Amino acid sequence: QIATFGGCTFYVDDDGVLSSSGSCATTAGSLDLNTRKIRSLAPGVFANMPKMEKLGLARNKITVLPPGIFDPLVGLVHLDLWDNYLYFDGGLPPGIFDALTRLELLDLTDNHLAPASFPDNVFSSLGNLGKLHLFKNKLDAFPAFFFDPLVSLRHLDLGFNDLVTLEPDLFKRLTKLETLDLSENCLTVLPFNIFDLLVNLRELKLHGNWELLCVQMTAQQKAVLTTYNGPPTQTTTCGCKPGLTGPDGECTACVVGTYKAGMGSAACDGCPADSSSPTQSTTIAACTCNAGFSGQVQCVSHDWVDKWGQSCEYYVSYPEFCSGQSSQEPSANCCACGGGRSTLSCTKCVKGKYKNVLGDAACLDCDVGKYAANTGATVCQACPTLSNAPEGSNTQTDCICNMGSTGPNGGTCVSCVAGKFKSSLGPAICTPCDAGTYSAMTARTTPTACSPCGDGTYSASASASCTTCPANAISPSSSAEASACRCNAGFSGPNGGGSCTKCSAGTYKTESGNANCISCPANANSPAGSTALWTCFCTAGSAGQDGGTCTQCVAGKYKAGGGNANCESCPTNSASPVGSTISTACECTAGWIGPNGGPCRTAMSSESKTAASEDIGSTTSSPSGGGLDDTSTSSGTSTAGASGSGEPSWVLPVIISCASVGFLALGLAFRWYNQKKLQRHLKALSDLASAELGSVRQPTNTPQFEATSDVFLDHGQDRGQVQLGVRPPMMAYRDPSTSSAEVPNFHQGMNAETHSLLAQYDRRCDDPNWLNEVLVGYDLALNFHDLECNGLKKGRDLKVLLMDPSALQDLTLTAITKAKLRTLLADLSQELLPKEADQPQIDDTHSA
């Protein structure tokens, strides 16, 4: 419950809906429902209240008035609806006021009403209305006949709206109007004679229409007015508005740099010196200092007036529009310096400052990197390239070179060249990088830009790069001169720019520097460029550890290759001189005969060592294995017989002949045995090769070789290059039309099966000394026995060599070892294999 009226009680629920109960049909008076937080009215809330005279619904939140809500209030004379929200669509429904024919006051102030908020003929029944308040809404125009029904209206309040213009006949029916408030709108011009019919008008308010500069009215109208607030009035045309000049009817805008504050045909006034204004300026305040100058309009007498020249005292009662009395600074919407009472003084910007726009803004300091050397600058000059200046600089010499560049203050700055840096501002010179360092880039700003030279290089001061030491020389990092370059280990030469020469074979050098190469110990050698003593190995004919003392082989021993192997003893019953380097240096001792290098056999009593050697040599070298020459035998026999001891002449020749035949047969048998033995070993290699290759396609109609053809010899043109090989099954024939690339190289690579076969064969070797015999890469002074066991046992290199002697070039052996292998093969071919005449004849078709 919020109020009572006679026998009626009024309520507002939680939703803000106003309702009532009871009966008050005979009650007269006022009902005050202002500020009751009412949001809406229940239909029939005012039923049976015909004698109510005044209803207050102000300062609520009503958005919509229900249709016919006021129809029961036929006696109402005062309706107060201000400060609600009736601008919503349907807030004022049609005919809302039709029953209120006795209404004298209607207040719709501050409801945000727009022209569209009013239904047509909204005031058609309000012929008795004397006061209408539409203050502080959103009204920008009215239809021409909007107020025509209000013939009794005496007070009309339209202030604080958005009125831009008024229809000429808007007020023509309001002949009883005494007060008209049009203040604080946006009126720029009023229709001619709009007030002519308002014969009872006594108060007119037009202030706050800032673009309305003149009001035309007759002298009689002006004389009737008791209160007037607004622009100047004239009985004739208002003439040219401020900012315009010329005779009436021919107004032109004031040009740039001039202004005109009043109405009329007066000329435009010029702006103060060093200032300007836009066209059609209306006040000296529009005059602002030119670029390069600063200053503000100042009011000389502090006599503030409004833009029509009238005193600001009127605005004291409106503090929201003006900041104070005439002696105080006004707001933009209130007062300004009166004409003739203001001044503008523009002064040049000092050095180091600039101003590039019109206006009353202050001059600004030049930005960093710029300067202004003259007063009145509109722009600041940029410093030269690679230089900078602090804010507000006023001379070019304030521009100093940046870090990483050098030059005079205010002058040309250049970047520090490669090899130098500068870590400070100003004219200082660039600092060179220390010797042993370099800087490849320009304009460097810190010492860390100088990087140390790496190993093997050096540099002088201020270097852009490091110089590389000569070939085979090295220097420590950060080296400063060429003398720091020293020959590497294994090379000798002077420090610095000289050439470094590789230590020759038999010498070594362990450290870098200019020292000479050191000779290996006696009887030792080393590869060229050796860097350590241990690279010195004992030469052939000497024995000892690598890098140690090498002692010549004693008499009766020899050593064929270099390295740390021991000297080998000569075969039994043979001897060699001190330092022997080959097995053939072992000669049979007295009483024993045989080839150099052994084996040696006992000499018969009838033959000297020399004769026996010659005899054996002739026997083993005979291509056919035949006996002694008949002529020489006969001659020898006759000689022996002649010198005999009385024996028959035929006995000695017979004995000699028998002995010769016996020795010859023994030699042939021994030779046949060795040849068969070699063939067995080579046959085993052939079997291994077959297992390695597997099945190979046999060309059509290719004849097969017999087992006896498995071993073949190719003596070539040089007896010293005998090649011992195995003709693999199904591969001995190559058609001449095919390329050699089509014939597989059967000895390349061995699989696990081949290794297994080879191991089975090797287990037949029972010689316990094979581990100490010749190994590939150590000592290769082989004899025939090595072929049977050690050569095959020690593997792949010798097996490949036997199957393809050309593979000798691919073995990782020293030159000395390779030479020994070639000698061994030649010896074997001469000692063990059949001579060319003994070779089985092979069909040329299959010789490939």
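Below is a short write-up of the structure. (Residues numbered from 1 in each chain as written. Predicted model: local features only at pLDDT ≥ 70, side-chain atom pairs only at ≥ 80, totals over all residues. Heavy atoms only, no water.)

## With respect to the sheet that holds strand 11 (residues 179–181)
Next up, step 1: Sheet architecture is open: nine strands sit in the order 4-6-7-8-9-10-11-12-14, paired in parallel fashion. Here the strands that pair on one side only, and so sit at the sheet edges, are strand 4 (29–32) and strand 14 (227–229). This sheet shows a mean twist of 5° between the axes of neighbouring strands, independent of strand direction.
Next up, step 2: Sheet topology note: the strand 8 (residues 105–107)/strand 9 (residues 131–133) ladder contains three bridges and is parallel. When the sheet's bridge partners are listed, Leu105 is paired in strand 9 with Lys131. (Pairing = 2+ DSSP bridges. Helix = DSSP H or I, 4+ residues; strand = E, 2+ residues; numbered from the N terminus. Axes fitted to C-alpha atoms, helices over the stretch in contact; angles between N-to-C directions.)

## Comments concerning the state of the cysteines
Next up, step 1: For the structure shown, the criterion picks out 19 disulfides.
Next up, step 2: The disulfide partner of Cys416 is Cys430, and the S-S distance across this bridge is 1.9 Å. Disulfide Cys416-Cys430: the torsion about the S-S bond is -80°, which places it as left-handed. On the criterion of sequence distance, the pair formed by Cys416 in the loop between strand 35 (414–415) and strand 36 (420–421) and Cys430 in the loop between strand 36 and strand 37 (431–432) is long-range, its members being 14 residues apart.
Next up, step 3: Residue Cys416 is classed as buried on the basis of its relative accessible area of 1%.
Next up, step 4: Two residues share a disulfide in this structure: Cys553 and Cys567, whose sulfurs sit 1.9 Å from each other. (Disulfide = S-S within 2.5 Å. Buried < 20%, exposed > 50% of the residue type's maximum accessible area, 1.4 Å probe, protein only.)

## So, the environment of Glu104
Next up, step 1: Along the polypeptide, Glu104 turns up in the loop between strand 7 (78–80) and strand 8.
Next up, step 2: Along the primary structure Glu104 and Leu132 are separated by 28 residues, whereas in three dimensions their C-alpha atoms are 8.6 Å apart.

## Regarding unusual backbone geometry
Next up, step 1: With an omega of -5°, the peptide bond running from Gly598 to Pro599 counts as cis.
Next up, step 2: With respect to the helices and strands, Pro599 occurs in the loop between strand 56 (592–593) and strand 57 (601–602).
Next up, step 3: Of note, the phi angle at Thr35 is positive, near 55°, even though the residue is not glycine.
Next up, step 4: Take Thr35: it is sitting in the loop between strand 4 and strand 5 (40–41).
Next up, step 5: A positive phi angle, close to 70°, is found at Leu386, a residue other than glycine.

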